[in-house]
Amino acid sequence: DILGFDAVARSEQGIEIELLREDNMTGSGVFVTIIGKHAETVTRWSAKLINEAQREAALAQRSGKMPPPKPIEELRLRNVEGAALRVIGWRNVKQGFSQELMRAALVRNPHWIDQIVEESDKAANFMQRQ
């Protein structure tokens, strides 16, 4: 059944991963639940960035100029946001889960950004379990 395949629905279910310590890349004891790259939240955010870039390019083309480069601070904040929106919960954390706290943790632990996005992008993490 071709309609039995649903990568979007599986991406929405989320998986749990353990965040790694920066000093030795061993488990930190903090577990987060992340959604996959095909989840609606992630695809909406990606589409927003692409639409924004296309608008800027079109405006620049009309004016005959190159679009101005994004400041590094803005790019870092985008990376934080892109990882944070993939996290939908956590365990072994003193505070209750919130996106705001997740963003703050990612600012202080940027190595988690790559880990979260990499695991979110792995299709095999969200394949149906037999």
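As the structure is a prediction and not an experimental result, all values here were calculated from the model.

Here is what the cut-offs are and how they apply
Residues numbered from 1 in each chain as written. Predicted model: local features only at pLDDT ≥ 70, side-chain atom pairs only at ≥ 80, totals over all residues. Heavy atoms only, no water. Patch = residues over 30% accessible without salt bridge, like charges linked within 9 Å, V, L, I, M, F, W, Y side chains within 5 Å. Areas by Shrake-Rupley, 256 points an atom, 1.4 Å probe, with all protein chains shown as cover. Salt bridge = Lys/Arg side-chain N within 4 Å of Asp/Glu carboxyl O. Helix = DSSP H or I, 4+ residues; strand = E, 2+ residues; numbered from the N terminus. Pairing = 2+ DSSP bridges. Axes fitted to C-alpha atoms, helices over the stretch in contact; angles between N-to-C directions. Parallel < 35°, antiparallel > 145°, perpendicular 65-115°, else oblique. Left-handed = near helix turned anticlockwise from the far one by under 90°. Contact = heavy atoms within 4.5 Å. Nonpolar A, V, L, I, M, F, W, Y, C, P; charged D, E, K, R; others polar. Expected span 1.5 Å × (residues − 1). Buried < 20%, exposed > 50% of the residue type's maximum accessible area, 1.4 Å probe, protein only. Phe/Tyr/Trp six-rings, centres within 6.5 Å; stacked < 30°, edge-to-face > 60°. Lys NZ or Arg CZ within 6 Å of the ring centre and 35° of its normal.

**Student:** I'd like to hear about a nonpolar patch on the surface, residue by residue, with values.
**Tutor:** A grouping of Ile 2, Leu 3 and Phe 5 is seen on the molecular surface, where their side chains present a nonpolar patch of about 440 Å² in accessible area. By secondary structure assignment, the location of Leu 3 is in the segment before α1 (7–13).

**Student:** Go over the sheet that holds strand β2 (residues 27–34) with me, naming the residues and quoting the values.
**Tutor:** The strand order across the open sheet built from three strands is β1-β2-β3, with neighbouring strands paired in antiparallel fashion. In this open sheet, the two strands that pair with only one neighbour each are β1 (15–20) and β3 (87–91). When strand polarity is set aside, the average angle formed by the axes of neighbouring strands in this sheet is 35 degrees. In terms of strand pairing, β1 meets β2 through five bridges, oriented antiparallel.

**Student:** Lay out the packing of helix α3 (residues 72–84) against helix α5 (residues 111–121) in plain terms, naming residues and giving numbers.
**Tutor:** Taken N-terminus to C-terminus, the directions of α3 and α5 make an angle of 50 degrees; their axes are 9 Å apart at the nearest point. Relative to α5, α3 is oriented oblique. Crossing handedness for the pair α3 and α5: left-handed. Contact residues: Asn 79, Val 80 and Ala 83 in α3; Ile 113, Ile 116 and Val 117 in α5. Counted by class, the contact of α3 with α5 contains five nonpolar, one polar and no charged residues.

**Student:** How would you explain helix α2 (residues 40–63) if you had to name every residue and give the values?
**Tutor:** With 24 residues, α2 should cover 34 Å at 1.5 Å per step; its first-to-last C-alpha distance of 35 Å lies within 8% of that length. Elements in contact with the buried residues of α2: α3. Of the residues one or two after α2, Gly 64 is the one with positive phi, at around 75 degrees.

**Student:** Which residues make up the pattern of salt bridges, and what are the values?
**Tutor:** Within this structure, the stated rule accounts for 11 salt bridges. Ionic pairing is found between Lys 70 and Glu 56, a salt bridge with its closest N-O pair at 2.6 Å. With Lys 70 in the loop between α2 and α3 and Glu 56 in helix α2, the pair connects residues that are 14 residues apart, well separated along the chain. Judged by relative accessible area, Glu 56 falls into the partly exposed class, the value being 29%. Among the charged side chains, a salt-bridge network with shared partners connects Glu 52, Glu 56, Lys 70, Glu 74 and Arg 78.

**Student:** Any details on unusual backbone geometry? Residues and values, ideally.
**Tutor:** Of note, Met 25 is a non-glycine position whose phi angle comes to about 55 degrees, a positive value. By the element assignment, Met 25 lies in the loop between β1 and β2. Judged by its relative accessible area of 49%, Met 25 falls in the partly exposed class. Of note in the backbone geometry, Asn 92 takes a positive phi value of approximately 70 degrees without being a glycine.

**Student:** Could you give me a rundown of the packing of aromatic side chains, with the residues and numbers involved?
**Tutor:** Inspection of the entire model under this criterion finds one aromatic pair. With a centroid separation of 5.0 Å and 85 degrees between ring planes, the pair formed by Trp 90 and Phe 97 is classed as edge-to-face. Judged by relative accessible area, Phe 97 falls into the partly exposed class, the value being 30%. Lying across the ring of Phe 31, Arg 91 places its NZ or CZ 4.1 Å from the centre.

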